[in-house]
Amino acid sequence: MPFISKDWRSPGEVWVKTQEGWEKKKVLECTAQRYAAISNYSNKDNQQNWNSEDGENKTDEVARVPPHCHITIKCTREIAGFNGLSEAVRRLDFSSAVRDVRRFNYICALLELLLGGQKLTNLPGAAQKLLLSMLEQLAVQVARSKQNLNALRALLTALAALREAERRACWGRPLGSRALWGHHRHAIDRIYHIADGIAIQEPGPEVVPKLHDLPEECIREILLRISDHRDLEAASSAWPVMASLCSEQQLWRELVNFHFTQQQIDSLNKDEKNIDWNKVFHQLRKLYGLREDAQYAETLSLCRHCKCLFWRSLGHPCIADQCPEYRERVREAGGPLPPHPVPPAAFLKFFSL
């Protein structure tokens, strides 16, 4: 039976107008970036309710809610529903997460999965616009900080391949709405314009000491703290001193011990006297893959009590903290369960893509 309400367009949802269009107020409450839109909306309501019984202005401030998103893990007779990617991205405030150095690599990995493994037309229209909006904000952040240029180039390469594939999808034109693809083309052009304008300038003579002035011991300590082998390969091609340091066995041995366990290392049955740790690292990488928790400074977490996705550094409103009865049952059961980390690939499995 369809739901019939006073307003037939929506079953009682409150909508707020933003720069990107109309969005639900309950979604914007979890977005710190658009908090001003909620405040303006609340102030208009408070001005209408100025005259109250006590003769005072009841201006209840809207409490800022940490970014979080409740998801449906399993559908049952009592609980039936689905998870929307666009609403989850807004609730978790991915747009602001791009500007956080701890979550930047997580957002890049998520965008790489969406651009590389999924066709753009397979996503809903709102998710397509959010995807390109996140990519544009990521390009702005890279242009402002002059960091992570390789990540942006990889995403732009995947975007170019995806755009060319969609262009040949249906009689020489993309499959889908022409108006939507017109919006996409303008967004893609802005992204390329931002990327083309990025220029890395060498620091002036007043900045001392420079990298070339440091002794080899300091440069070696810097390289020992790099956890990505691609950065080591790029560093070796940038400077002859780094090339000689990156060829040292100690550097690759530390990288092997960081990413792999001793049991995995022993599975190769290599002679300990003549070990090429560079080859050992690449063999183990192909067999077991790299440590996923080492690639991201912070990942999304799944609360095991309220089935809520959230950023661990920001927290979330949990039933274990709000309900005294549930908190007592948790205490009797041995304490709260630790949240479960959610890598980018596992995050996309919550949605029907």
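Overview of the structure. Because the structure is a prediction, the values reported are computed rather than measured.

## Observations concerning the overall build of the protein
The helix and strand tally for the protein stands at 17 helices and six strands. Of all 353 residues assigned to the protein, the portion counted as buried reaches 36%. Counting only contacts in the protein whose residues sit at least 6 apart along the sequence, the fraction spanning at least 24 positions is 64%. Within the structure as shown, the protein displays about 22400 Å² of accessible surface, and the carbon and sulfur contribution to it stands at 51%.

## Examining unusual backbone geometry
Here V208 and P209 are connected by a cis peptide whose omega angle stands at -5°. In this structure, K146 is a non-glycine residue whose phi angle is positive, near 60°. In this fold, K146 is placed in the loop between helix 6 (125–145) and helix 7 (149–167). The exposure class assigned to K146 is partly exposed, which follows from its relative accessible area of 39%.

## Describing the nonpolar core
Within the largest apolar cluster, 50 residues are counted, with the highest numbers of intra-cluster contacts made by F94, L138 and F347. Two domains each donate at least three residues to this core, and these are domain 1 (87–198) and domain 3 (300–349). What F347 contacts, discounting residues up to four positions off in sequence, is L85, A88, L92, F94, Y106, L110, L300, L309 and V342. Core analysis: the second largest hydrophobic core is formed by 20 residues, L245, W277, F281 and L284 among them.

## Topic: the packing of helix 6 against helix 8 (residues 178–196)
Where helix 6 meets helix 8, the closest approach of the two axes is 9 Å, and the angle between their N-to-C directions is 10°. Between helix 6 and helix 8, the interaxial angle falls into the category roughly parallel. Where helix 6 abuts helix 8, its residues G125, Q128, K129, L132, L135, E136, A139, V140 and A143 lie against L180, H183, H184, A187, I188, R190, I191 and I194.

## Observations concerning the environment of L149
Topologically, L149 is positioned in helix 7. For L149 and A139, which are 10 residues apart along the polypeptide, the C-alpha to C-alpha distance reads 9.0 Å. Beyond its immediate stretch of four places on either side in the chain, L149 contacts V142, I198 and I200.

## Some thoughts on the pattern of salt bridges
Here the structure, examined in full by the defined rule, presents 10 salt bridges. The residue D100 makes a salt bridge to R103 at a minimum N-O spacing of 3.3 Å. Across the pair, R103 and D100 agree in class, each one buried. With a shortest N-O distance of 3.4 Å, R103 and E298 are connected by a salt bridge. Here R103 is found in the loop between helix 4 (94–97) and helix 5 (104–117), whereas its partner E298 is found in the loop between helix 14 (277–288) and strand 4 (300–302), with 195 residues between them in sequence. Residue classification places E298 among the buried residues on the basis of a relative accessible area of 7%. Several salt bridges share partner residues, and in doing so they unite D100, R102, R103 and E298 into one network.

## Brief notes about helix 14
With 12 residues, helix 14 extends 16 Å between its outermost C-alpha atoms, agreeing within 8% with the 16 Å of an ideal straight helix rising 1.5 Å per residue. When helix 14 is considered as a whole, its buried residues turn out to be W277, V280, F281, H282 and L284. Against the buried residues of helix 14 lie helix 10 (229–236), helix 12 (249–259) and helix 13 (262–266). At the exit of helix 14 stands G289, carrying a positive phi of roughly 80°.

## Some details on the packing of aromatic side chains
Following the criterion strictly, the structure yields seven aromatic pairs and no others. A ring pair is formed by Y106 and W311, whose centres lie 5.6 Å apart and whose planes are at 80°; its orientation type is edge-to-face. Taken together, the residues Y106 in helix 5 and W311 in strand 5 (residues 308–311) connect sequence positions 205 residues apart. A single burial state applies to Y106 and to W311, both of which are buried. Between F347 and F351 the ring centres are 5.1 Å apart and the planes differ by 70°, which places this aromatic pair in the edge-to-face class. Assessed through its relative accessible area of 0%, F347 is described here as buried. Exposure remark for F351: the relative accessible area of 7% places this residue in the buried category. Joined through ring pairs, the aromatic side chains of F94, Y106, Y296, W311, F347 and F351 make up one cluster. The residue whose ring lies beneath R103 is W311, and the NZ or CZ to ring-centre distance is 5.1 Å.

Rules used in this analysis
Each chain has its residues counted from 1, running along the sequence as written. For a predicted model such as this one, the threshold for reporting local features is a pLDDT of at least 70, and the threshold for listing and counting side-chain atom pairs is 80 or more; totals across whole chains, interfaces and linings nevertheless cover every residue. Only hydrogens and water are set aside; all other atoms, that is, all heavy atoms of the structure, feed into the side-chain values. Helix numbers and strand numbers start at the N terminus; a helix is a DSSP run of H or I with at least 4 residues, a strand a run of E with at least 2. Throughout this description, buried means an accessible area under 20% of the type-specific maximum (1.4 Å probe, protein chains only), exposed means over 50%, and partly exposed covers the range between. Any two residues whose heavy atoms approach within 4.5 Å are treated as being in contact. Under the convention used here, a 1.4 Å probe and the Shrake-Rupley method define accessible areas, while residue burial counts only the protein chains that appear. What we call a nonpolar core is a set of buried Ala, Val, Leu, Ile, Met, Phe, Trp, Tyr and Cys residues that are connected through their side-chain atoms within 4.5 Å. What counts as a domain boundary in this text is fixed by an automatic or database domain assignment. Think of each axis as a best-fit line through the C-alpha atoms, taken over the contacting stretch in the case of a helix, with angles from 0 to 180 degrees between the N-to-C directions. Any angle from 65 to 115 degrees is called roughly perpendicular, while one under 35 is roughly parallel, one over 145 is roughly antiparallel, and all others are oblique. By definition here, a salt bridge exists when the distance from a side-chain nitrogen of Lys or Arg to a carboxyl oxygen of Asp or Glu is within 4 Å. Multiplying 1.5 Å by the helix residue count minus one yields the expected span of that helix. Note on aromatic contacts: the rings of Phe and Tyr and the six-membered ring of Trp form a pair at centre separations within 6.5 Å, being stacked when their planes are under 30 degrees apart, edge-to-face when over 60 apart, and tilted otherwise. Any Lys NZ or Arg CZ found within 6 Å of a ring centre and within 35 degrees of that ring's normal is scored as a charge over the ring.

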